[in-house]
Amino acid sequence: MKSPLLALPGAVPAEGTDEGVAAHYGDIFREQRNLARGTGFVDLSHRGVVTVTGDDRLAWLHLLLTQHVSGLPAQQATEALVLSPNGHVEHALYLVDDGSTTWAHVEPGTQQALIGYLESMKFFYRVEVTDATADYAVVHLPAGSTASADGAAALRELSHGRDLFLPRAELATLTAGYGPAAGIWAYEALRIEGHRPRLGFETDHRTIPHEVDWLESAVHLQKGCYRGQETVARVHNLGRPPRRLVFLHLDGTEETLPPHGTEVRLASDPGGRALGTVTSSARHHELGPIALAVVKRNVPVDAVLLAGTVPGTQDVIVPQ
């Protein structure tokens with residue numbers, strides 16, 4: 001779904017997963033600095049939007065998701081996952097309930113598979129699941145923004161900003177007063193800096209929540225049963241995850257960034273076996289080239305790593 005905001009001056013379309021919105025508007029560092037100062041906005045209208053209505057919606061979602069949502073207060077934002085029976089991450093939902101409707105935005109193109117799963121679990125519950133992507137678009141305002149949220153159907157208040165669900169037909173009109181637009185590249189650089197995992201980037205078919213630090217934001221360890229809970233509890237109580245997410249400060253002398261999937265090795269053994277992969281990378285307006293990577297748990301935390309040909313030092317996100 002192509003965003004009308006691609007018609008803004010300087011817009012360069014993103015490719016791949018983020019196709020449909022702007023990668024940048026001509027100056028990625030200025031766009032990052034604007035967001036860091038609390039000005040401007042990011043067009044996330046390519047993301048899927050799912051709504052759940054009905055009297056049983058929160059009690060029903062509580063049975064299916066990793067998060068405790070049965071008593072979720074109105075307007076309180078949260079994150080939640082859908083896991084496979086073996087505890088592997090299948091979906092990530094960014095939720096808020098407005099008192100009558102639960103709103104969620106999800107990765108582009110994943111809403112249909114999510115809705116298919118939710119529909120299969122309705123049984124006798126009084127709920128209605130809707131793909132609202134054609135009618136509503138997500139826009140992000142950074143922390144500190146003074147832009148008005150008037151016109152938003154729902155919003156998620158976060159430590160790093162606000163996610164607004166705007167009527168898609170009014171996207172261009174409503175964002176006109178939000179300040180300068182920032183592209184998805186700027187948003188991703190700040191996401192990587194904030195160590196926030198993203199489905200399909202920091203995850204693969206084997207990922208369990210512990211590996212990418214989702215226990216902190218998207219999993220409630222004391223709630224009742226849900227699909228995959230046995231794995232979550234067992235690893236949390238009795239073991240350690242086989243892999244761990246790390247933040248990499250990359251060597252700034254290299255001209256290119258290591259793309260998603262680049263193998264990671266020890267810098268002291270560049271011909272050795274791969275110990276993990278780069279999951280996301282970006283050029284940050286202050287930190288320079290940075291990345292997230294998932295590596296084997298036993299990789300020494302003080303080891304200099306090699307992302308392809310680019311050396312990088314680690315910041316620990318998930319303890320060894």
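Here we summarise the structure given alongside this text. (Residues numbered from 1 in each chain as written. Predicted model: local features only at pLDDT ≥ 70, side-chain atom pairs only at ≥ 80, totals over all residues. Heavy atoms only, no water.)

1. Some words on the sheet that holds strand β9 (residues 136-142)
Part 1 of the reasoning: The strand order β10-β11-β9-β3-β12 describes an open sheet built from five strands, whose pairing is mixed. Only two strands of the sheet have a single partner each, and these edge strands are β10 (154-158) and β12 (181-182). (Pairing = 2+ DSSP bridges. Helix = DSSP H or I, 4+ residues; strand = E, 2+ residues; numbered from the N terminus.)

2. Points about the environment of Gly-228
Part 1 of the reasoning: Structurally, the position occupied by Gly-228 is in the loop between α5 (184-193) and α6 (229-238).
Part 2 of the reasoning: What makes Gly-228 buried here is its relative accessible area of 8%.
Part 3 of the reasoning: Along the sequence, Gly-228 and Ile-317 sit 89 residues apart, while their C-alpha atoms lie 23 Å from each other.
Part 4 of the reasoning: Discounting residues that sit within four places of it in the chain, Gly-228 has contacts with Leu-83, Ser-84, Pro-85 and Gly-87. (Buried < 20%, exposed > 50% of the residue type's maximum accessible area, 1.4 Å probe, protein only. Contact = heavy atoms within 4.5 Å.)

3. Quick word on the sheet that holds strand β4 (residues 48-53)
Part 1 of the reasoning: On the basis of which strands lie adjacent, the open sheet formed by five strands has the order β5-β6-β7-β4-β8 and antiparallel pairing. Since the sheet does not close on itself, it has two edges, and those belong to β5 (78-83) and β8 (128-131), each with one partner. Taken pair by pair, the neighbouring strands of this sheet meet at an average axis angle of 30 degrees, ignoring direction.
Part 2 of the reasoning: Pairing geometry for strand β6 (residues 89-97) and strand β7 (residues 101-106), over four bridges, is antiparallel. Residue Leu-95 lies in a different strand from β7, and its bridge partner there is Ala-104.
Part 3 of the reasoning: Across the sheet, helix α3 (residues 111-120) lies against β4, β5, β6, β7 and β8, angled at about 170 degrees from β8, the strand it touches most. (Axes fitted to C-alpha atoms, helices over the stretch in contact; angles between N-to-C directions.)

4. A few points about the layout of surface pockets
Part 1 of the reasoning: Roughly 520 Å³ of internal volume is contained in the largest pocket.
Part 2 of the reasoning: Of all the secondary-structure elements, those providing two or more residues to the lining of the largest pocket are α1 (28-37), α5 and β15 (276-284).
Part 3 of the reasoning: No other element matches the six residues that α5 contributes to the lining of the largest pocket.
Part 4 of the reasoning: Of the residues that constitute the lining of the largest pocket, the class distribution is 13 nonpolar, six polar and five charged.
Part 5 of the reasoning: Estimated volume of the second largest pocket: approximately 340 Å³.
Part 6 of the reasoning: In terms of residue count, α5 provides more of the lining of the second largest pocket than any other element does, four residues in total.
Part 7 of the reasoning: The class makeup of the residues in the lining of the second largest pocket is seven nonpolar, five polar and 11 charged. (1 Å grid on protein atoms, 1.4 Å probe; cavity = no way out; pocket = protein on both sides within 12 Å on 5 of 7 lines; lining within 4 Å. Points joined across faces, edges and corners; volume = space filled by probe spheres on them. Nonpolar A, V, L, I, M, F, W, Y, C, P; charged D, E, K, R; others polar.)

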